[in-house]
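Single-letter residue listing:
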Amino acid sequence: MMKTVIVKDIVIGEGVPKICVPLIGRTLEQLKEEALFLQTLHMDVIEWRADYFELVDEMEEVITAIREIHSILPSKPLIFTFRSLKEGGEKEIHLDYYVALNKAIIDSGFVDIIDVELFNDEDVVKELVDFAHSHNVYVILSNHEFKKTPSKEEIISRLIRAQELGADMPKIAVMPTCAADVLTLLDATCTMKEQFTDRPIITMSMSGQGVISRLAGELFGSALTFGAAKKASAPGQIAVTELKNMINILHQNL
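Quantities reported herein were computed from a predicted structural model and do not represent experimental measurements. (Residues numbered from 1 in each chain as written. Predicted model: local features only at pLDDT ≥ 70, side-chain atom pairs only at ≥ 80, totals over all residues. Heavy atoms only, no water.)

With respect to the pattern of salt bridges
Phase 1: A full pass over the atoms with the stated rule returns 17 salt bridges.
Phase 2: A salt bridge links R161 to E122, with the nearest nitrogen and oxygen atoms 2.4 Å apart. A residue pair is termed long-range when its members are at least 10 positions apart, and R161 in helix α5 (residues 152-164) and E122 in helix α4 (residues 122-134) qualify at 39 residues.
Phase 3: Here E122 falls in the partly exposed class, since its relative accessible area comes to 34%.
Phase 4: One salt bridge in this structure joins D198 and R199, with 2.9 Å as the shortest N-O distance.
Phase 5: Judged by its relative accessible area of 15%, R199 falls in the buried class.
Phase 6: By sharing partners, the salt bridges in this structure join R83, K86, D115 and E117 into a single network. (Salt bridge = Lys/Arg side-chain N within 4 Å of Asp/Glu carboxyl O. Helix = DSSP H or I, 4+ residues; strand = E, 2+ residues; numbered from the N terminus. Buried < 20%, exposed > 50% of the residue type's maximum accessible area, 1.4 Å probe, protein only.)

Things to note about the UniProt feature "active site" (unreviewed entry) in the protein
Phase 1: UniProt feature "active site" (unreviewed entry): in the numbering of this structure it lies at H144 and K171. In three dimensions, the annotated residues from a span of 28 residues occupy one location, with a maximal C-alpha spread of 8.5 Å.
Phase 2: Summarising the element assignment, H144 is placed in strand β7 (residues 138-145).
Phase 3: According to the relative accessible area criterion, H144 is buried, its value standing at 10%.
Phase 4: With sequence-adjacent residues up to four places away left out, H144 is seen in contact with R83, E87, K171 and A173.
Phase 5: Structurally, the position occupied by K171 is in strand β8 (residues 169-174). (UniProt positions renumbered as here; feature names shortened; annotations may be inferred. Contact = heavy atoms within 4.5 Å.)

With respect to helix α6 (residues 179-196)
Phase 1: Along its 18 residues, α6 runs 25 Å from first to last C-alpha, staying within 8% of the 26 Å computed at 1.5 Å per residue.
Phase 2: Buried residues along α6 sit in contact with α5, β8, β9 (202-205), α7 (211-215) and α8 (217-220). (Expected span 1.5 Å × (residues − 1).)

Quick notes on the packing of helix α1 (residues 28-38) against helix α2 (residues 59-72)
Phase 1: In the contact formed by α1 and α2, the axes pass within 9 Å of each other and the chain directions differ by 20°. The pairing of α1 with α2 is recorded here as roughly parallel in orientation. For the crossing formed where α1 meets α2, the hand is right-handed. Within the contact between the two elements, α1 uses L28, L31, K32, A35 and L36 and α2 uses T64, A65, E68, I69 and I72. (Axes fitted to C-alpha atoms, helices over the stretch in contact; angles between N-to-C directions. Parallel < 35°, antiparallel > 145°, perpendicular 65-115°, else oblique. Left-handed = near helix turned anticlockwise from the far one by under 90°.)

Details of the UniProt feature "binding site: 3-dehydroquinate" (unreviewed entry) in the protein
Phase 1: UniProt marks E47, W48, R49, R83, R214, S233 and Q237 with the feature "binding site: 3-dehydroquinate" (unreviewed entry), using the numbering shown here. Of the annotated set, the members that line the largest cavity are R214.
Phase 2: By the element assignment, E47 lies in strand β4 (residues 45-49).
Phase 3: Once residues lying within four places of it in the same chain are set aside, the contact partners of E47 are C20, V21, P22, L23, I79, T81, R83, D115 and F226.
Phase 4: For Q237, the position within the fold is in the loop between β10 (224-226) and α9 (240-252).
Phase 5: Q237 gets classed as buried once you look at its relative accessible area, which sits at 12%. (1 Å grid on protein atoms, 1.4 Å probe; cavity = no way out; pocket = protein on both sides within 12 Å on 5 of 7 lines; lining within 4 Å.)

Regarding the environment of V16
Phase 1: Structurally, V16 can be placed in the loop between β2 (10-12) and β3 (18-23).
Phase 2: In this structure V16 comes out as partly exposed when scored by relative accessible area, which is 22%.

If you want it as structure tokens, here you go:
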């Protein structure tokens, strides 16, 4: 029986892939402007990429920012993500602060989902998963491979590992170097969904070559896709309105 993740009437893991749009403002004012702009778009989920925020090292400023985002978009499921440099993010922070930051955000009550990097210390991953679940917050355990596309077996292995560590939504993003790499990601996604998982998974092949993977999740098994409002937060993201239209066209023909 396939589980779903239900947040504020959005059902992830059923029907068309849900569309998530990142907030990437560097200042509080930019974040507020972005959030107000998102009110005009049709998306399902918001992600705050806090590694873009210039005051992310100051806990109180982060809490103030998440409160403002929530007040502007209270009805949208909100993911909190600090993406490290090694996984394609904007900056690095000490692991102890990473843990404290995520716990403070969970404790604030303003987020519904946190994204934790799979290749952190295993004890840290388990600690954050347990803390999030004790506060009724869902967890994405993610891995981003910006240099290559691993083998099908390795992609599945990483997704299974995320699942074993308690992820409500295992996630992997990989970089293609050729069309065959995109097929590898899609094949791994399909096999993972059909044989190894009981919950929503999130997969994508990045860059222009991998755009098809952001559209075809309903067919191959990825439950969430990412679109850009104004500026992309990862290679290959396309405008949310175009993304929604293309996903709907595919859905109508399945």
